[in-house]
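# Commentary on secondary and tertiary structure
Residue-level listing of the chains:
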Amino acid sequence: MRYDRLWWWWLTAASLLTAADYLLPKGLPSALAYNTIGVLSAVLIVVGVRLHRARRPAMWYWFAAGILTSVMGDLVYEYYKYVLHQEPYPSPADYFFLSAYPLIVVGMLMLMRGRGRAGIDVAALIDAAVVAVGLGLVFWVFVMHPIATDSSASTLERAIGVAYPAADVLLLAMLARFYTGVGRRTAGIRLLGGAALLLFIADVGYSLLSLYSDLDVDMLDAFFLLSYACWAAAALHPSMRGAGAVEKQPRDARVGRARLVLLGVCSLLAPGLLLIPGISENAVDRTVIAVGAGVLFLLVVTRMSGFVGQVQDQADQLEDLAMTDELTGLANRRRFEQALRACLQAGPTQVALLDLDDFKGVNDRLGHGVGDHLLTVVAQRLRTSLRPDVLVARMGGDEFAILVPGATNAAGDAIVRRLVDALRAPITAGSHELLVGASVGVTDGSGTGDPYEVLRRADVAMYAAKAAHDGPRRYVPELDEHTDEQARLGADLRVALDTGQFRLVYQPIVALPSGRTEAVEALVRWEHPVRGMIAPDQFIPAAERNGLIVELGEWIMRTACTQAMSWRNRHGDLAPQRMSVNVSARQLAEPEFGAVVAAILTETGLSAAQLTVEVTETAVFGGGRSVQALQDLHELGVHIALDDFGTGHSSLGLLRTVPVDILKVDKSFVDNITMAGQHAVIATALIQVSNGLGLTAVAEGVETAEQAAELYRLGYRYAQGYHFGRPTAQPSFAAPELVAGRR
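To keep things clear, this report deals only with the structure shown in the data block. The shown structure was predicted, so the numbers you read here are calculated from the model rather than taken from an experiment. (Residues numbered from 1 in each chain as written. Predicted model: local features only at pLDDT ≥ 70, side-chain atom pairs only at ≥ 80, totals over all residues. Heavy atoms only, no water.)

Quick look at the packing of aromatic side chains now. Each aromatic ring pair is characterised by the separation of its centres together with the angle its planes make. What the rule picks out here adds up to 10 aromatic pairs. Here Phe502 and Phe539 contribute two aromatic rings whose centre-to-centre distance is 5.6 Å and whose plane-to-plane angle is 55 degrees, an arrangement assigned as tilted. You can see Phe502 sitting in strand S8 (residues 502–511) and its partner Phe539 sitting in helix H18 (residues 536–546), a full 37 residues away along the chain. Each member of the pair, Phe502 as well as Phe539, is classed as buried. An aromatic cluster is built from Phe502, Trp526, Phe539 and Trp555, whose rings are joined through pairwise contacts. The positively charged end of Arg726 is found above the aromatic ring belonging to Tyr722, 3.9 Å away from the centroid. (Phe/Tyr/Trp six-rings, centres within 6.5 Å; stacked < 30°, edge-to-face > 60°. Helix = DSSP H or I, 4+ residues; strand = E, 2+ residues; numbered from the N terminus. Buried < 20%, exposed > 50% of the residue type's maximum accessible area, 1.4 Å probe, protein only. Lys NZ or Arg CZ within 6 Å of the ring centre and 35° of its normal.)

Here it is, written out as structure tokens:
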């Protein structure tokens, strides 16, 4: 921008003209140069307003008017001095000089009003008042009082003489307000402050030299001229456009060390003046100083009360921050525990813990941004569905807590039902519509005053609800026994893995109608040395919770593949063509799962095409890492089977996103397939879907020959169940005709 440096060129030129003013002979040439700088400064202010399109042009016009009024005073003074050869005091020039101050002060007020917040900055006003009163006392003692008590001057002379330092005190107050404010200081605003400061220095110097020295006061002309130049440079600077516009500033602006020192010094000026010899003996000075000291005391007390209030506000804000969850705005764990402790002491209390189902899957599949949005929406729904006296907190992750003071068990259960209903509606996150499920545990505070014990009970009930998938659960002592049992199982699992207590059994998957064993499914059993045979539905959840399912799953995979190769070597073509191994969601989430399977295949010599990995719909419904792991396996040549199809999320969309080869139709659709009516409708639909997508369908849980015959009639060519063989360590691979009607 070609005008961006105009202010700099003007400031340089004005400085050179100021230097020239000292080199020119005293008289009209020097006066002409002096006034030229003043007039040019006023004109350039107007130019700057038009050039940069100032938001507050009136402020700049007040500054220009003040400068022109001061120049008019110079012209009148020089007319008397160089034309009439008179130097009257007071003269009409003094009226112009004094009139310039209010114009400049109005401009300064407009500037500072914009630089403050959209309101009154009381703290800055008090600070400015402390500076103005403290330095004003100095002015009174050393300038104003001596002039006012000069018996050799007339009353008018004394009045005019006092008016100048009084105007300087007013200007001082403006400067104090300017430099103690918290507004943003652009280059243009700093130039304005510099202009006012130079004018103040020049005026004070003029008063002091006139009273206490015989030096020529013309030596101060440079300060007046540079003040003019800075007014104009501020207007020419590009940043002037926003000067005076209202800015919002933080309420808790910091008070710097320099500002504290300035306020401290100014507040001590009153007692300091009394230490100067002769001052305390003058009754007028003593009275003025006493009044000033009282005003300073009140100002400091007011300011300190503001500091105390600010510290208290900040302490309250910090406490709120420490007790609030940053993401959702709900109470956090610390606040919840404090409130729970107080409620337990006051009376009956209900506590519910709520944990979102498959939240990790949402994060993995859609990203943490969507997960965070989901949490905020859930928090809002929980808060709006409950009455105001119920405390809702986010305990961390996807876990929320609800505290209901003074409520019975029935009221607590009703609130839990309301929470579950509030989460039924889909949540929109970007282009995704998410159905959110939640596991809820609820308890009361009976028999304990310990908030941690209450939270433990609610936590136990919540995990029981998560394991059972049958809705909210209320804590009962029997749940502790189950929890203890799971903990003991978790500890025994480690020992079982280390000592070889697990073994595999295999259930045939046969072709219809021949009954030939085409594949086997590997199933794990635990022969505990003390408890005997432990069912998988008891120890698998414990293994998933403590993470041992990953190590156990790897052992199952390796053992099953080794067994498959052993059968092929022993039985040749009669051996099963494929080995099916169940894999949990926890295993699929492991980053190196695909590499582990590939290593086992290489180690055992089993080809990828002879291995089938079975997963449930729930394990892959969340997408993300689980689906990627299956895609990696599929690329190796491993077959993928969707187990218990139709009982999980039942989303046909899974068949597009998951690389499925085999659908295993759940036993619940097979049990009543031979009965008349609509019992075979779903089984029929599933075989049609499988055939349409080119998938292999396997009917599970076949227990009778009639079921097998009906499945064959519907189009099923593979089946599994007790009718064809129970799980055993060494199944028979003979091929009897087991379908009804073909024996």
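This part takes up helix H21 (residues 593–604). For H21, built from 12 residues, the straight-helix expectation of 16 Å at 1.5 Å per residue is met to within 8% by its first-to-last C-alpha distance of 17 Å. By the burial criterion, the buried members of H21 are Phe593, Gly594, Val597, Ile600, Leu601 and Thr604. Buried residues in H21, looked at end-on, bunch into an arc of 125 degrees, giving them a common side. With respect to the buried face of H21, the exposed residues turned more than 90 degrees away are Thr602 and Glu603. Within two residues after H21, Gly605 carries a phi angle of roughly 85 degrees, on the positive side. (Expected span 1.5 Å × (residues − 1). Arc of directions from axis to C-beta.)

Taken as a whole, this structure holds 24 salt bridges when the rule is applied. Salt-bridge contacts for Asp355 lead to Lys466; the nearest nitrogen and oxygen are separated by 2.8 Å. In this pair, Asp355 sits in strand S1 (residues 349–356) while Lys466 sits in helix H16 (residues 451–468), placing the two residues 111 residues apart along the sequence. Overall, the relative accessible area of 10% leaves Asp355 in the buried class. Residue Lys466 is classed as partly exposed on the basis of its relative accessible area of 22%. Across the pair Glu710 and Arg713 runs a salt bridge, and its minimum N-O distance is 2.5 Å. Of the two residues, Glu710 and Arg713 are both situated in helix H26 (residues 705–714); the distance of 3 residues between them amounts to about one turn of the helix. For Glu710, a relative accessible area of 17% gives the class buried. (Salt bridge = Lys/Arg side-chain N within 4 Å of Asp/Glu carboxyl O.)

Turning next to the sheet that holds S1. In space, the 5 strands of this open sheet follow the order S2-S3-S1-S6-S7, with mixed pairing throughout. Only two strands of the sheet have a single partner each, and these edge strands are strand S2 (391–396) and strand S7 (473–474). Inspection of the sheet shows strand S6 (residues 438–444) paired to S7 by 2 bridges, in the parallel sense. In the strand pairing of S7, Gly441 is matched with Arg473. Most of the contacts of helix H12 (residues 333–346) go to strand S3 (residues 399–405), to which it runs at about 25 degrees, and overall it touches S1, S2 and S3. Those strands touched by helix H14 (residues 368–384) are S1, S2 and S3, and its axis lies near 10 degrees from that of S3. (Pairing = 2+ DSSP bridges. Contact = heavy atoms within 4.5 Å. Axes fitted to C-alpha atoms, helices over the stretch in contact; angles between N-to-C directions.)

Running from N to C, helix H7 (residues 187–212) and helix H8 (residues 221–236) point in directions that differ by 165 degrees, and their axes come no closer than 8 Å. Taken together, the axes of H7 and H8 lie roughly antiparallel to each other. When you trace H7 past H8, the crossing you get is left-handed. Where H7 approaches H8, its residues Gly188, Leu191, Leu192, Ala195, Ala196, Leu198, Leu199, Ile201, Ala202 and Asp203 are matched on the opposing element by Phe223, Phe224, Leu226, Ser227, Cys230, Trp231, Ala233 and Ala234. Partitioned by chemical class, the residues of the contact of H7 with H8 number 15 nonpolar, 2 polar and 1 charged. (Parallel < 35°, antiparallel > 145°, perpendicular 65-115°, else oblique. Left-handed = near helix turned anticlockwise from the far one by under 90°. Nonpolar A, V, L, I, M, F, W, Y, C, P; charged D, E, K, R; others polar.)

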